[in-house]
Amino acid sequence: MLLPNPVPTPLLTHSLLEEKGIELAIKRLDLVNSGVSGNKFFKLKYNLEKAKNEGKNRVLTFGGAFSNHIYATAEASKAENLASIGIIRGERTKPLNSTLAHAEELGMELYYIDRNKYRNKTDLEFLATLQDKFGDFYLIPEGGTNELAIKGTQEILDSGDNQYTHICSSIGTGGTFAGLYASLSEHQKLLGFSSLKGEFIHKEIADLINKFDLNSRGSYEVFTNYHFGGYAKYKEELIDFIWWFYENFEIVLDPIYTAKMAFGIWDLIKKDYFPKGSKILMIHSGGLQGNIGFSERTGIELPIPSK
């Protein structure tokens, strides 16, 4: 069964924060569960509960070869005694990378499809062919974002987080951002840092909020200038920042999501975006298993969290 650990929220100390008169804390969702870390814990929680309530014995989802969502779904399914199927974009290559190898070790059945077919992942006809192949399953969309995921991510903030004036989150599919938005207090502003290149994310977030009829007592702003080239892209400056952050605060970031967000926050602090007296909460959304795969793929060494 999926059970959360207590999540620490350490206050960071640095001369820049003192100079600007700002408090910066980080909510360590990467420590919420030993197997299913970060926002994925909250996204999967109610989906797997529904799968079991509907009498399903397997779940099926989609992801790329280095997907945190695939990794987390394999972990969560095993914990809930459900079989899992991962539809993987691209061809199978050997040896498997650390993400897929771990998913397979946990019992996830991996099924590879080419990128053209993968684009049909929401097409009802295509899903029917998967139903014919694998039998009855509970479908979780790529990235895990659906109504139940947003219900889960609304639980990330608790009453102790009311003290913060700004909540900061990275953005991928937008499900975590949407849940956070719906749980804001009146005095709070949610800042989103898109890991994707392009201005389309503004419409995607607005569409999510409208689709799921989310109301908020707070406000939000999305930044699209900290993507470092786009999804899964990086620059030397970002890698240097990851090591700088680790050396200063002993907290590991990942280059896909959390490092881009943290870089953006630090840059905004330098540029006096935050008024003096602001209390900032950075949401660490996990995904640190991906650091191993990133190093395998690029040859660039990154900090790895201790187990």
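Our subject in this report is the structure included herewith. (Residues numbered from 1 in each chain as written. Predicted model: local features only at pLDDT ≥ 70, side-chain atom pairs only at ≥ 80, totals over all residues. Heavy atoms only, no water.)

1. Quick notes on the overall build of the chain
Helices and strands together make up the secondary structure of the chain, namely twelve helices and ten strands. In terms of overall size, the chain behaves like a compact globule, its C-alpha atoms giving a radius of gyration of 19 Å where 307 residues would be expected to give roughly 19 Å. Each of the three principal axes of the chain carries a C-alpha extent, and together these read 60 × 45 × 35 Å. Taking contacts inside the chain between residues at least 6 apart in sequence as the whole, the part at least 24 apart equals 72%. Split by element, the accessible area of the chain, about 14200 Å² in all, is 47% carbon and sulfur. On the chain, the mean spot of the 34 positive side-chain charges and the mean spot of the 38 negative ones are 3 Å from each other. (Helix = DSSP H or I, 4+ residues; strand = E, 2+ residues; numbered from the N terminus. Rg over C-alpha atoms; globule rule 2.2 N^0.38 Å. Contact = heavy atoms within 4.5 Å. Areas by Shrake-Rupley, 256 points an atom, 1.4 Å probe, with all protein chains shown as cover. Lys, Arg positive; Asp, Glu negative; His and termini not counted. Charge placed at Lys NZ, Arg CZ, Asp CG, Glu CD.)

2. Notes on unusual backbone geometry
Residue Pro 95 is bonded to the preceding Lys 94 through a cis peptide linkage, with omega at -5°. Tracing the backbone shows Pro 95 in the loop between β4 (83–89) and α4 (98–105). Positive phi, normally seen in glycine, also occurs at Asp 213, with a value near 50°. Its location among the elements puts Asp 213 in the loop between α9 (200–211) and β9 (219–223). Asp 213 sits in the exposed class, given a relative accessible area of 58%. The phi dihedral of Asp 272 falls on the positive side, at around 65°, and the residue is not glycine. In this structure, Asp 272 sits in the loop between α11 (258–270) and β10 (279–284). (Buried < 20%, exposed > 50% of the residue type's maximum accessible area, 1.4 Å probe, protein only.)

3. Some words on the pattern of salt bridges
Under the counting rule described, the total for this entry stands at 15 salt bridges. It is possible to trace a salt-bridge network through shared partners that takes in Lys 27, Asp 158 and Asp 161. (Salt bridge = Lys/Arg side-chain N within 4 Å of Asp/Glu carboxyl O.)

4. So, the sheet that holds strand β2 (residues 23–28)
Pairing is mixed in the open sheet, where six strands are placed in the order β1-β2-β10-β7-β8-β9. Every interior strand has two partners, whereas the edge strands, β1 (11–12) and β9, have only one. With six bridges joining them, strand β7 (residues 166–171) and strand β8 (residues 189–194) adopt parallel strand pairing. By the bridge assignment, Ile 171 is partnered in β8 with Ser 194. (Pairing = 2+ DSSP bridges.)

5. Concerning α11
In a regular helix each residue adds 1.5 Å, so 13 residues correspond to 18 Å; α11 covers 18 Å between its end C-alpha atoms and thus fits that length. Within α11, twelve of the 13 residues are buried, which leaves it mostly tucked inside the rest of the structure. The complete set of buried residues in α11 reads Thr 258, Ala 259, Lys 260, Met 261, Ala 262, Phe 263, Gly 264, Ile 265, Trp 266, Asp 267, Leu 268 and Ile 269. (Expected span 1.5 Å × (residues − 1).)

6. So, the packing of helix α2 (residues 39–53) against helix α3 (residues 68–79)
Angle between the axes and distance between the axes: these two values describe a pair of packed helices. Closest axis-to-axis distance for the α2/α3 pair is 10 Å, and the angle between their directions is 50°. Taken together, the axes of α2 and α3 are oblique relative to one another. As for the relative orientation of α2 and α3, their crossing is right-handed in sense. Of the residues in α3, those in contact with Lys 40, Leu 44 and Leu 48 of α2 are Asn 68, His 69, Ala 72, Thr 73, Ala 76 and Ser 77. Per-class residue counts for the contact of α2 with α3 are four nonpolar, four polar and one charged. (Axes fitted to C-alpha atoms, helices over the stretch in contact; angles between N-to-C directions. Parallel < 35°, antiparallel > 145°, perpendicular 65-115°, else oblique. Left-handed = near helix turned anticlockwise from the far one by under 90°. Nonpolar A, V, L, I, M, F, W, Y, C, P; charged D, E, K, R; others polar.)

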